[in-house]
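Listed here are the chains, written in short residue letters.
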Amino acid sequence: MSVETIATHPFKDQKPGTSGLRKKVKVFEQPHYLENFVQCVFDTQRELEDAPLVVGGDGRYYNREAIQKILRIAAANGCTRVLLGQGGIFSTPAVSHMIRKHNARGGLILSASHNPGGPDEDFGIKFNTPNGGPAPEKVTEAIYTASLHINRYHTLNTPDIDLNKTGTIFVGDMQVDIVDPVNDYADLMEDLFDFDKIRALFKSGFRMRFDAMHAVTGPYAREIIENRLGAPQGTVVNGIPLEDFGHGHPDPNLVYAKELADYLFGPDAPDFGAASDGDGDRNMVLGRHFFVTPSDSLAVILANATLAPGYRAHLSGVARSMPTSQAADRVAAKLGLSCYETPTGWKFFGNLLDANKITLCGEESFGTGSNHVREKDGLWAVLFWMNILAERRQSVAEIVREHWRTYGRNYYTRHDYEAVDSTAANSLVDTLRAATATLPGQQLGSYTVDYADDFRYIDPIDDSVSEKQGIRIGFKDGSRIVYRLSGTGTEGATLRVYIEAYEPDPAKHDLDTQQALAALINIANSFAGIRERTGRNEPTVIT
Ligand code: G1P
Ligand code: ZN
């Protein structure tokens, strides 16, 4: 089989520090576009030649075409073996696990996470390194630099392979093992959680609904929750991955997973509800008539972690992204564990996990995970909750309320102002940054400022420094206001304001969140001059 070398032109789209390359499908369909990115990965990651490369995606539109191209380019670049998910499917956490379990030299994940899919929607490709995690900045920088100079890529002139049949097939000299995408991952979950206890819970009449949102977790949830754990057929809904996610927006939150939320807050609500996103790394957890915030979810999982067999023996520490509420900190303090505050973005957890400084980690944006893989993991979080429910035999609401009684409640909300004029957004943050120096000791309303800064993170493992990660204003009573600009928005700037108040008194644990935070929300708005500077009277999205 002869290698074809195709002349091409540079492309300057692989922005470093993002979660790979994420663009409209139409951009990816341009001649040589995807090919150039994949060749840049092979040009910079020489070790990919010798050991397996894991390949798979969330099944969205263009997944299959992309995989056929990747296989030819990998073979032409001397890669000897690929582990491919049947049908081209692998959830993001499953790729992470496959890389680790099979000592692969890396993985290519096809997904645009929670963004919609279809011919006019989004596609993405991301490279994960041998630890199973997203490529660190020095790797994405190298790929980016290569993309500025690329003038050729290697490929083979071979026919498409059948992605649907498991077994071994060759593309040129490269062995492609097409494997069931679920099995290894399901086995890992069975190692971590008490499946006997959860089976007994279902036998006792426990009812749940898992909404896979026509995204990648459908086959995983069916195998694990219905087949292995014995939940009735139909527990998993929207379980067939579709190229356009059934016209849905596969993001598990109260807005986009509305059908699930309505059911859990309705008259026939089951005991438990959960959903995951396009590529399976985010999660949302609900009880009957009860929403668990991701920040509380991390804290409750930490407080109950030893109920799960995989976490019984040892917990090393916990990390949360800076804007995530401080609920987990209180649990860590009580358990005598270290608690790390990292900038927004999963990649900052990688070093801490690799160095065994932390066992659990999470973000307020519906991401929770542990040292079992190097990505956040939606289904894992759901199973962790099921394990806790199976052990405690209380409702979700009872467990969370009891948690608040023990640790106090961190009322928490995020206000997003989307598609704001970038200049206005940047000047708002610049002004806040300049104001931080004189804030400590000052009164804002009835709150006394304890500290204020633009968050700066020094990685405790490699000493790398990340500056300007968001404005923090901490108050003496543990309340906090955080302002930062999104790094993932596509139109103008997205200003995120995170507001948190600590309430130790159980008599005040049942307030409406926006009401409980009303005074701080006012301070956050007026102190930053949001209305004057952005022209917005209210947030686009309140979480
Ligand atoms: C958002 C979330 C962040 C998450 C990222 C990728 O980033 O806030 O927690 O890691 O998406 O899923 P942001 O748009 O805030 O920069
Ligand atoms: Zn995702």
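Fair warning: this is a prediction, and the values are worked out from it, not measured in the lab.

Focus on the sheet that holds strand β19 (residues 409–420)
Then comes step 1: Taken in spatial order, the seven strands line up as β20-β21-β24-β25-β26-β19-β27 in an open sheet, and their pairing is antiparallel. Because the sheet does not close on itself, it has two edges, and the strands there are β20 (443–444) and β27 (541–542).
Then comes step 2: Inspection of the sheet shows strand β24 (residues 471–475) paired to strand β25 (residues 480–485) by four bridges, in the antiparallel sense. Paired with I473 across the strands is I481, a residue of β25.

Points about the coordination of the zinc ion (ligand 2)
Then comes step 1: Protein ligation of the zinc ion (ligand 2) involves S113 (OG), D277 (OD), D279 (OD) and D281 (OD), the donor distances falling in the range 2.0 to 2.1 Å.
Then comes step 2: For the zinc ion (ligand 2), the four donor atoms are set out with angles of 89 to 157 degrees between them, so the coordination reads as irregular.
Then comes step 3: In the primary structure, the donors to the zinc ion (ligand 2) are separated according to the pattern S-x163-D-x1-D-x1-D. An identical accessibility class is assigned to D277 and D281; each is buried.

Here's the deal with the sheet that holds strand β18 (residues 367–370)
Then comes step 1: Here four strands make up an open sheet; going across it, the order is β16-β15-β17-β18 and the pairing mixed. Two strands bound the open sheet, and with one partner strand each, they are β16 (338–342) and β18. Going from strand to strand, the sheet's axes swing by 15 degrees on average, the running direction of each strand aside.
Then comes step 2: Pairing analysis gives five bridges linking strand β15 (residues 317–321) to β16, with the strands arranged parallel. What sits directly across from S321, in β16, is T342.
Then comes step 3: The strands touched by helix α13 (residues 378–392) are β17 (360–363) and β18; relative to β18, the strand with the most contacts, the crossing angle is about 80 degrees.

Focus: the site of ligand 1
Then comes step 1: The environment of ligand 1 is formed by 13 residues, the closest being S365, S486, G487, T488 and R496.
Then comes step 2: Residue K376 places a side-chain N or O atom 3.2 Å away from an oxygen atom belonging to ligand 1.
Then comes step 3: At 2.6 Å, a backbone N or O of G487 approaches an oxygen atom of ligand 1.
Then comes step 4: In isolation ligand 1 exposes 380 Å². Once the protein is present, 89% of that is buried.

What counts and how
- Once a new chain begins, its residue numbering starts again from 1 and follows that chain's sequence as written.
- Note on labels: chains are lettered from A, ligands numbered from 1, in written order.
- With the structure being a predicted model, the display of local features is reserved for residues of pLDDT at least 70 and the display and counting of side-chain atom pairs for 80 or more, all residues being used for whole-chain, interface and lining totals.
- With hydrogens and water set aside, each side-chain value is computed from the structure's full complement of heavy atoms.
- Between any two strands, at least two bridges found by DSSP are needed for them to pair.
- Comment: elements are numbered from the N terminus, with helices defined as DSSP H or I runs of at least four residues and strands as E runs of at least two.
- In this description, a donor is an N, O or S atom within 2.8 Å of the metal centre, a cutoff extended to 3.2 Å for sodium, potassium and calcium. Water is not part of the atom list, which can make sites seem incomplete.
- Only four donors with every angle between 85 and 135 degrees are called tetrahedral; only four or six donors with opposite donors over 155 degrees apart and all others between 65 and 115 are called square planar or octahedral, in that order; all others are irregular.
- Classification of residues uses two cut-offs on accessible area relative to the type maximum, computed with a 1.4 Å probe and protein chains only: under 20% is buried, over 50% is exposed, and between them is partly exposed.
- Note on geometry: axes are C-alpha line fits, over the in-contact stretch for helices, and angles between N-to-C directions span 0 to 180 degrees.
- Residues are treated as being in contact if the distance between any of their heavy atoms lies within 4.5 Å.
- Residue proximity to a molecule or strand is established when one non-hydrogen atom of the residue lies within 4 Å of it.
- Nitrogen and oxygen atoms within 3.5 Å of one another constitute a polar contact, given that in protein one can donate a hydrogen and the other can accept it, and given that sequence-neighbouring residues count only through two side-chain atoms.
- What sets the accessible areas is the Shrake-Rupley method with a 1.4 Å probe; for residues, cover comes only from the shown protein chains.

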